[in-house]
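The primary structure of each chain is shown beneath.
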Amino acid sequence: MKIGFLGLGNMGGPMALNLLKAGHQLSVFDLVAASVKHLVEAGASAVGSPAEMAKGDCEVIITMLPASQHVKAVYLGEDGLLAHVKAGVLLIDSSTIDPISAREVAGAAVKHGNPMLDAPVSGGTGGAAAGTLTFMIGGEQADFDRAQPILAAMGKNIVYCGGAGNGQVAKVANNMLLGISMIGAAEAMNLGVSLGMDAKVLAGIINTSSGRCWSTDTYNPFPGVIETAPASRGYTGGFGTDLMLKDLGLATEAAKQARQPVMLGAAAQQIYQTFSQQGNGGLDFSAIIKLYSKQEG
Ligand code: NAD
């Protein structure tokens, strides 16, 4: 199939490579020339702008951009995709953005005669490279059915979440809970250790008791408890604090629009904001446990 892929960053780059590996013909665009070159060397063809991609013969166009403003510019801008794309071309946005913006862009696409899905992912850069991402999809069921074989080249779990924007709803709700639960795990682990417990023994108790969650049993923030977790390698790699902060911002913004209280989500946002302001935005978000450490000297 002829597919356009726009946004070849940490996630989009490996996702596009997996589409090539699955035998699709790819037309690609990014503002960063080196990212485009990498895909061209792997067999893709480059176009010079979103408009050029839209005017081409792609049956499907996928975007993987940083945030809402980039998505709106690429789709709704004067020389953007919707100004030039033929009716019927399926549009799939995999960026993580707020559900309201996703619905606005999908509404404009449908008006133009283009089916559109919001398709944010979880699984990180490792999942993108391995082709094991989870896709959360909002849009029409028939369009989901059409997209599924394409997305299967990049992901393992492809879940239909309901109408337009619902993929983003699932993503922000999950990540808000993750942000909150990581702070809880950090607080509990530090309390136990400061009262004299061994961290591994405490984690073992929690993980066979009612406090267990992903933040304690897979991604424990205390160093040395889980060898494969970022906490055991200086909080490098993994999911950055600033990315978590972005997702909590999406959750609180969406909550405001829905007039729905998110008391712990908002508190978590402020806690990660404080941590980021202290210069830790690039560390894995589980490094939030450092806020609870006793300062030396
Ligand atoms: P990234 O910054 O590495 O990549 C974004 C790419 O978009 C860049 O290459 C940039 O040059 C390109 N871009 C920006 N504006 C553009 C435009 N107008 N036209 C063409 N290209 C443009 O970001 P990423 O880590 O790949 O994340 C992409 C999205 O996926 C984000 O919404 C992020 O929240 C989400 N996400 C990221 C992860 C992760 O672990 N990195 C996990 C899940 C979801």
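Residues numbered from 1 in each chain as written. Predicted model: local features only at pLDDT ≥ 70, side-chain atom pairs only at ≥ 80, totals over all residues. Heavy atoms only, no water.

The chain goes by 3-hydroxyisobutyrate dehydrogenase in an unreviewed UniProt entry, where it is assigned to Pseudomonas marincola. Regarding the chain, the UniProt comment filed under Catalytic activity (unreviewed entry) reads as follows: "3-hydroxy-2-methylpropanoate + NAD(+) = 2-methyl-3-oxopropanoate + NADH + H(+)". (UniProt positions renumbered as here; feature names shortened; annotations may be inferred.)

Once that is clear, we can look at the site of the ligand. Within the structure, the ligand sits among 24 residues, and Asn10, Met11, Asp30, Pro66 and Lys246 are positioned closest to it. Protein coverage of the free-state accessible area of the ligand, which is 830 Å², stands at 84%. For the shell around the ligand, the secondary-structure elements that each account for two or more residues are helix H4 (68-76), helix H7 (124-130) and helix H12 (241-257). When grouped by side-chain class, the residues that make up the shell around the ligand number 12 nonpolar, 9 polar and 3 charged. For the shell around the ligand, the domains that each give at least three residues are domain 1 (2-164) and domain 2 (169-291). (Near = heavy atom within 4 Å. Areas by Shrake-Rupley, 256 points an atom, 1.4 Å probe, with all protein chains shown as cover. Helix = DSSP H or I, 4+ residues; strand = E, 2+ residues; numbered from the N terminus. Nonpolar A, V, L, I, M, F, W, Y, C, P; charged D, E, K, R; others polar. Domains from an automatic or database assignment.)

Right, let's talk about the domain arrangement of the chain for a bit. Each domain of the chain was delimited in the assignment, giving domain 1 (2-164) and domain 2 (169-291). Taking only C-alpha atoms into account, the centre of domain 1 sits 29 Å from that of domain 2. Contacts between the two partners involve 13 residues from domain 1, matched on the other side by 8 residues from domain 2. Across the domain 1 to domain 2 interface the summed buried area is about 860 Å²; carbon plus sulfur atoms make up 71%. Sorting the residues of domain 1 by area buried against domain 2 places Thr96, Pro99 and Ile100 first, and these three jointly supply 46% of that buried surface. Our count for the contact surface shared by domain 1 and domain 2 stands at 0 salt bridges. Joining domain 1 to domain 2, the criterion identifies 3 residue pairs in polar contact (both at pLDDT 80 or more). Of all the elements in the fold, those that place two or more residues in the side of domain 1 that touches domain 2 are helix H6 (99-111) and strand S7 (121-122). Broken down by element, the residue count for the side of domain 1 that touches domain 2 peaks at 3 residues, all from H6. Classifying every residue of the side of domain 1 that touches domain 2 by side-chain character gives 9 nonpolar, 2 polar and 2 charged. (Contact = heavy atoms within 4.5 Å. Buried area = accessible area lost by both parts, 1.4 Å probe. Salt bridge = Lys/Arg side-chain N within 4 Å of Asp/Glu carboxyl O. Polar contact = N/O pair within 3.5 Å; in protein donor to acceptor, adjacent residues only side chain to side chain.)

Below, the discussion takes up helix H1 (residues 12-21). One full turn of an α-helix is made of 3.6 residues, so residues set three or four places apart face in the same direction. In terms of residue burial, H1 counts as a mostly covered element, since 8 of its 10 residues are buried. What H1 keeps buried is the set Gly12, Gly13, Pro14, Met15, Ala16, Asn18, Leu19 and Leu20. Phi turns positive, to about 100°, at Gly23, one or two residues after H1. (Buried < 20%, exposed > 50% of the residue type's maximum accessible area, 1.4 Å probe, protein only.)

The interhelical angle for the contact between H12 and helix H13 (residues 263-280), taken along N-to-C directions, is 150°, at an axis separation of 9 Å. Relative to H13, the element H12 lies roughly antiparallel. Regarding H12 and H13, the two cross each other, and that crossing is left-handed. Mapping the contact onto sequence places Thr241, Asp242, Met244, Leu245, Leu248, Gly249 and Thr252 in H12 and Gly265, Ala266, Ala268, Gln269, Tyr272, Gln273, Phe275, Ser276 and Asn280 in H13. The residue makeup of the contact of H12 with H13, split by class, is 7 nonpolar, 8 polar and 1 charged. (Axes fitted to C-alpha atoms, helices over the stretch in contact; angles between N-to-C directions. Parallel < 35°, antiparallel > 145°, perpendicular 65-115°, else oblique. Left-handed = near helix turned anticlockwise from the far one by under 90°.)

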